[in-house]
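Listed below, chain by chain, are the residues.
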2 protein chains.
Amino acid sequence: MKLNTKSRYAVMALADMSKFPINNPVSLRDISLRQSISLLYLEQIFLKLKKNDIVKSVRGTNGGYVLKRDPKNIKLSEIFQALDQKVKTVGCKKDSKKGCNGKSAKCITHELWDELEIYINNFFENKKLSDLSLTKGDI
Amino acid sequence: MKLNTKSRYAVMALADMSKFPINNPVSLRDISLRQSISLLYLEQIFLKLKKNDIVKSVRGTNGGYVLKRDPKNIKLSEIFQALDQKVKTVGCKKDSKKGCNGKSAKCITHELWDELEIYINNFFENKKLSDLSLTKGDI
DNA sequence: TGAATACTTGACTATTTTAGTCGGGTATAT
DNA sequence: ATATACCCGACTAAAATAGTCAAGTATTCA
Ligand code: FES
Ligand code: FES
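Note that this is a predicted model, so its numbers are computed, not measured.

(A) Local environment of the protein's contact with DNA strand C. The environment of DNA strand C is made up of 28 residues, and the closest members are Lys50(A), Tyr65(A), Ser38(B), Gln44(B) and Arg59(B). Considering the 4 Å shell around the protein, atoms of DNA strand C inside it are sugar or phosphate in 63% of instances. One of the backbone N or O atoms of Gly60(A) is found 3.3 Å from a sugar or linking oxygen in DNA strand C. Here Arg59(B) contributes a side-chain N or O atom positioned 2.6 Å from a base oxygen of DNA strand C. Those elements giving two or more residues to the surface near DNA strand C turn out to be helix H3 (39-51), strand E1 (55-58) and strand E2 (64-67) of chain A together with helix H1 (5-17) and helix H3 (39-51) of chain B. The element best represented in the surface near DNA strand C is H3(A), accounting for four residues. A per-class count over the surface near DNA strand C returns eight nonpolar, 15 polar and five charged.

(B) A look at the relation of the copies chain B and chain A. With an axial shift of 0.0 Å and an RMSD of 0.0 Å, the rotation relating chain B to chain A amounts to 180°. Taken together, the rotation angle and the small translation identify this as a two-fold axis. Taking C-alpha positions as the reference, the residue of chain B nearest the rotation axis is Met1(B), at 2.9 Å. Taken as a fraction of all interface residues of chain B, those also at the interface in chain A reach 100%, which identifies the copy contact as same-surface.

(C) Representation of a positive patch on the surface. A surface patch of like charges, here positive, comprises Lys2(A), Lys86(B), Lys88(B) and Lys93(B). Here Lys88(B) is to be found in the loop between helix H4 (76-82) and helix H5 (110-126). For Lys88(B), a relative accessible area of 35% corresponds to the partly exposed category.

(D) The arrangement of the side chain of Gln85(A) in detail. Residues and elements named next belong to chain A. Mapped onto the elements of the fold, glutamine 85 is located in the loop between helix H4 (76-82) and helix H5 (110-126). Note on glutamine 85: relative accessible area 19%, which makes it buried. Ignoring anything within four residues of it in the chain, the contact list for glutamine 85 reads Asn4, Lys6, Ser7 and Phe80.

(E) Up close: H3(B). Residue and element names in this part refer to chain B. Here H3 is 13 residues long and its end C-alpha atoms lie 18 Å apart, about the 18 Å a rise of 1.5 Å per residue gives. Turning to H3, its buried residues number three or more, namely Leu42, Ile45, Phe46 and Leu49. When H3 is viewed along its axis, its buried side chains cluster within an angular range of 100° and face the same direction. Within H3, the exposed residues directed more than 90 degrees away from the buried face are Leu40 and Lys51. Lining the buried residues of H3 we find H1, helix H2 (28-35), strand E1 (55-58), strand E2 (64-67) and H4. Once H3 finishes, aspartate 53 follows within two positions and takes phi at roughly 60°, a positive value.

The rules behind each value
- Residues numbered from 1 in each chain as written.
- Chains lettered and ligands numbered in written order.
- Predicted model: local features only at pLDDT ≥ 70, side-chain atom pairs only at ≥ 80, totals over all residues.
- Heavy atoms only, no water.
- Near = heavy atom within 4 Å.
- Polar contact = N/O pair within 3.5 Å; in protein donor to acceptor, adjacent residues only side chain to side chain.
- Helix = DSSP H or I, 4+ residues; strand = E, 2+ residues; numbered from the N terminus.
- Nonpolar A, V, L, I, M, F, W, Y, C, P; charged D, E, K, R; others polar.
- Least-squares fit on C-alpha atoms with pLDDT ≥ 70 in both.
- Contact = heavy atoms within 4.5 Å.
- Patch = residues over 30% accessible without salt bridge, like charges linked within 9 Å, V, L, I, M, F, W, Y side chains within 5 Å.
- Areas by Shrake-Rupley, 256 points an atom, 1.4 Å probe, with all protein chains shown as cover.
- Salt bridge = Lys/Arg side-chain N within 4 Å of Asp/Glu carboxyl O.
- Lys, Arg positive; Asp, Glu negative; His and termini not counted.
- Charge placed at Lys NZ, Arg CZ, Asp CG, Glu CD.
- Buried < 20%, exposed > 50% of the residue type's maximum accessible area, 1.4 Å probe, protein only.
- Expected span 1.5 Å × (residues − 1).
- Arc of directions from axis to C-beta.

What follows is the structure, encoded as structure tokens:
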């Protein structure tokens, strides 16, 4: 079970942004430099965050991205969803009657993995961007 | 975040075994047929389970594998460890002072991911093989 | 107006990981 | 003897990951 860089970088970048006054555009270039994340990769990530209403963009000089909502109201689960990132512990399609082995019933461990999936999703659902409790020094 | 087949199959196979009288060797061939898991893949998995004292082998005709301990005493975390499978949510080396970005300090999200890692490991630590509560019909 | 900044978008690619397979063993019961 | 079933290292196809690249468009400021 590994967490991918996309999700990690997304949260890292948003945490970085959340340290600045809201409505003050933060450029990806700055985030890239501060957090040592590839600028081109960040662009890819922020496009999705924008499409999912987590940030909005301000074009042109002194432009950048702005959090669309208060960090208190941004759940980690939303960030993950925005990046098409899912917690997948079961081996089967959830909405199908079929099991991970192709048989007509769910396998003997299905319930266990489903429980784990709910458990993990619960973590993301209950964590807000504001919970990262950063100090200025962290950046 | 995805769970790999190796871990899933390992638990599935052990759950299958745990339905049979202890000390009664269960052959991989049978598990393979019942659970629709590749026999060759199962061999690879069981070699590791054996090395880690979760099962023991009985060679020859009517041989197979036997659980080395009561399912009540086999934690999922042990099974994962046996397969070299780790929960890895942080992007850095844990024992290093360096961050995931190569900088000299841990990044602003490190604490969060570490918390998640502990949270997930906690699930595996508290689940035992016996917790799968199977009925004969499940197999 | 024009140069610089910074977002926009789709396609492309190298590397790594996953999910197995293959081949050639060895031990044991009957 | 022979069939069964574990043993073990090496190999490989396919998928996912972690980016990069090219070619834009919009806005600000001098
Ligand atoms: S995990 Fe859903 S059927 Fe096996
Ligand atoms: S995850 Fe550990 S330093 Fe970033």
